[in-house]
Amino acid sequence: MTPGARTQAAIELLDEIVAAAASGGAAADTLIARYFATRRYAGSKDRRAVRELVYAAIRQAGAVPVSGRAAMVAVADHDPAVAATFDGIGHGPTPITPDEPRAQGGVAPAWLVEALTASGLDEGQQAALVDRAPLDLRVNSLATTRDAVLVEWPEGAATPLAPLGIRLPNGTAVEQSEVYRAGLVEVQDEGSQLVGATLNAKPGEWIVDLCAGAGGKTLQLAAAMANQGALLACDIDRARLQKLPPRAERAGASIIESRLLNPGHEAEMLADWAGKADGVLIDAPCSGTGTWRRNPEARWRLTPERLARLGGMQAQVLEIGAGLVKPGGRMIYIVCSLLDAEGTDQVAAFLAGHGGWSVEAIQPAIGTPHGLGHRLDPGTHGTDGFFVACLRAPC
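Residues numbered from 1 in each chain as written. Predicted model: local features only at pLDDT ≥ 70, side-chain atom pairs only at ≥ 80, totals over all residues. Heavy atoms only, no water.

- Under an unreviewed UniProt entry, the name given to the protein is RsmB/NOP family class I SAM-dependent RNA methyltransferase, and the organism recorded is Sphingomonas sanguinis.

### Some thoughts on the layout of surface pockets
For step 1, the next point in the chain: Put simply, the second largest pocket is a space of about 320 Å³.
For step 2, the next point in the chain: Mapped by element, the contributors of at least two residues to the lining of the second largest pocket are α10 (190-196) and α11 (216-224).
For step 3, the next point in the chain: At four residues, α11 tops the list of elements feeding residues into the lining of the second largest pocket.
For step 4, the next point in the chain: Of the residues that constitute the lining of the second largest pocket, the class distribution is 12 nonpolar, seven polar and one charged.
For step 5, the next point in the chain: Each of domain 2 (135-187) and domain 3 (198-393) contributes no fewer than three residues to the lining of the second largest pocket. (1 Å grid on protein atoms, 1.4 Å probe; cavity = no way out; pocket = protein on both sides within 12 Å on 5 of 7 lines; lining within 4 Å. Points joined across faces, edges and corners; volume = space filled by probe spheres on them. Helix = DSSP H or I, 4+ residues; strand = E, 2+ residues; numbered from the N terminus. Nonpolar A, V, L, I, M, F, W, Y, C, P; charged D, E, K, R; others polar. Domains from an automatic or database assignment.)

### Some points on the environment of Leu-372
For step 1, the next point in the chain: Its place among the elements puts Leu-372 in the loop between β11 (368-370) and β12 (373-376).
For step 2, the next point in the chain: Overall, Leu-372 belongs to the partly exposed group, its relative accessible area being 31%.
For step 3, the next point in the chain: Put simply, Leu-372 and Arg-34 are 338 residues apart on the chain and 43 Å apart in space, counted from C-alpha to C-alpha.
For step 4, the next point in the chain: Excluding anything up to four places from it in sequence, Leu-372 contacts Thr-344, Val-347, Ala-348, Leu-351, Val-359, Phe-387 and Ala-389. (Buried < 20%, exposed > 50% of the residue type's maximum accessible area, 1.4 Å probe, protein only. Contact = heavy atoms within 4.5 Å.)

### Examining the packing of aromatic side chains
For step 1, the next point in the chain: The final tally for this structure, using the stated rule, is three aromatic pairs.
For step 2, the next point in the chain: Seen in terms of ring centroids, Trp-206 and Trp-273 are 4.9 Å apart; in terms of plane orientation they differ by 50°. Their pairing is tilted. Of this pair, Trp-206 sits in strand β5 (residues 206-209) while Trp-273 is found in the loop between α14 (266-269) and β8 (277-283), placing the two residues 67 residues apart along the sequence.
For step 3, the next point in the chain: Trp-206 gets classed as partly exposed once you look at its relative accessible area, which sits at 37%.
For step 4, the next point in the chain: The interplanar angle of 80° and the centroid separation of 5.3 Å between the aromatic rings of Phe-350 and Trp-357 together place this pair among those described as edge-to-face.
For step 5, the next point in the chain: With relative accessibility at 5%, the residue Phe-350 sits in the buried group.
For step 6, the next point in the chain: Judged by its relative accessible area of 13%, Trp-357 is buried.
For step 7, the next point in the chain: The ring of Tyr-35 has Arg-39 sitting right over it, with the charged end atom 3.6 Å from the ring centre. (Phe/Tyr/Trp six-rings, centres within 6.5 Å; stacked < 30°, edge-to-face > 60°. Lys NZ or Arg CZ within 6 Å of the ring centre and 35° of its normal.)

### Some points on unusual backbone geometry
For step 1, the next point in the chain: Here the residue pair Gln-363 and Pro-364 is connected by a cis peptide bond, since its omega of -5° sits within 30 degrees of zero.
For step 2, the next point in the chain: One can find Pro-364 in the loop between β10 (358-360) and β11.
For step 3, the next point in the chain: In this structure, Ala-226 is a non-glycine residue whose phi angle is positive, near 55°.
For step 4, the next point in the chain: Along the chain, the position of Ala-226 falls in the loop between α11 and β6 (230-235).

### Describing the side chain of Glu-342
For step 1, the next point in the chain: Counting through the fold element by element, Glu-342 comes out in the loop between β9 (325-335) and α17 (344-353).
For step 2, the next point in the chain: A distance of 2.9 Å separates polar atoms of two side chains, one belonging to Glu-342 and the other to Gln-314.
For step 3, the next point in the chain: If we ignore the near neighbours within four places in the chain, the residues touching Glu-342 are Cys-286, Ser-287, Leu-307, Leu-310, Gln-314, Tyr-333, Val-335 and Ser-337. (Polar contact = N/O pair within 3.5 Å; in protein donor to acceptor, adjacent residues only side chain to side chain.)

### Considering the UniProt feature "domain: SAM-dependent MTase RsmB/NOP-type" (unreviewed entry) in the protein
For step 1, the next point in the chain: In this numbering, the UniProt entry assigns the feature "domain: SAM-dependent MTase RsmB/NOP-type" (unreviewed entry) to residues 116-394.
For step 2, the next point in the chain: Secondary structure across residues 116-394 comprises 32% helix and 23% strand; the distance between its end C-alpha atoms is 33 Å. (UniProt positions renumbered as here; feature names shortened; annotations may be inferred.)

### Describing the domain arrangement of the protein
Quite often, the size of an interface is put as the accessible area lost when its parts meet.
For step 1, the next point in the chain: For the protein, the assigned domains are domain 1 (3-106), domain 2 (135-187) and domain 3 (198-393).
For step 2, the next point in the chain: With centres defined by C-alpha atoms, the gap from domain 1 to domain 3 works out at 36 Å.
For step 3, the next point in the chain: Between domain 1 and domain 3 the total buried area reaches about 980 Å² when both faces are included, carbon and sulfur atoms providing 55% of it.
For step 4, the next point in the chain: Considering only the surface of domain 1 that becomes buried against domain 3, Ala-21, Ile-58 and Arg-59 emerge as the three largest contributors, covering 43% of it.
For step 5, the next point in the chain: Here domain 1 and domain 3 share zero salt bridges between them. (Buried area = accessible area lost by both parts, 1.4 Å probe. Salt bridge = Lys/Arg side-chain N within 4 Å of Asp/Glu carboxyl O.)

Here it is as structure tokens:
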């Protein structure tokens, strides 16, 4: 592909991504994979170059652009090499005119910027939300040590905060490596490792991962428990939860029981665990404002109405989780969001409706104290963004 053809391909993909954001369609990564699946003539360098153009345009456009071309023209305004590809030659896009639409720059739509500012994030912290994320791994302590993995992967480095974290160069083919296939590592952001460890799960305990998804934190809990005790991983999403058993087998995590829950019937399906759990981890469904580095088009999908629906879901999973904790037990509430409405405000609302419950300091402390918990953000800590709080049940 010529440079102009690459830019045109990026424009076409951005049109699809903009449309998907409006309709709730597939994510950008999925659309890019589908696009090239029908264009076998595009080599690996072409695919990589087009992907970089697409994500450069997404990161630069705070609000939803009117078109893919408007998004790429905004990139061209700041990059002469991209501007030169708008030459109309062959498959290249037509030349740029001075008065044609440009995507609006910024971190996010105006209403979201206001919400982030009200939640205590300054301009620098907000700008870091759309930087490119690093590639982090968690070493599986059931099978090896970080030092041993670093010997096998000398291009890696220990993450600065997480004791089992390794950071690799972006683009490293992790899943094709023998280290990964042997179950020695899992891909997991350093911030995710830090908040997952706040439950302080111990061997022999009864632990519930209530919103387990594909099980990244479940595997982390199994390792912390040294495969001793009971670990229940639950979710309402069958497709995501089905990914956990093969991951657990590869990691040698033998204590995990997976349980698919029916929405609206979670409590009755968990009746056998009611009041028995030493600890419950709730990685609640949220807006994902802390993960924009990995999914920057998510800024275009979030609306005040969707944020309100997510708030209702967060309150619901807190209620379900509270019913599982034994007297004196603990519950960790996590969101990969930096909006107070999903973090400290949710914890405050829970405490107001549940007498006897209290907030405890997180040990060891992570991130920065914020409201009723702690917060990690890309600009300050170099991790994905998270809010986490530790809640203690009455005895």
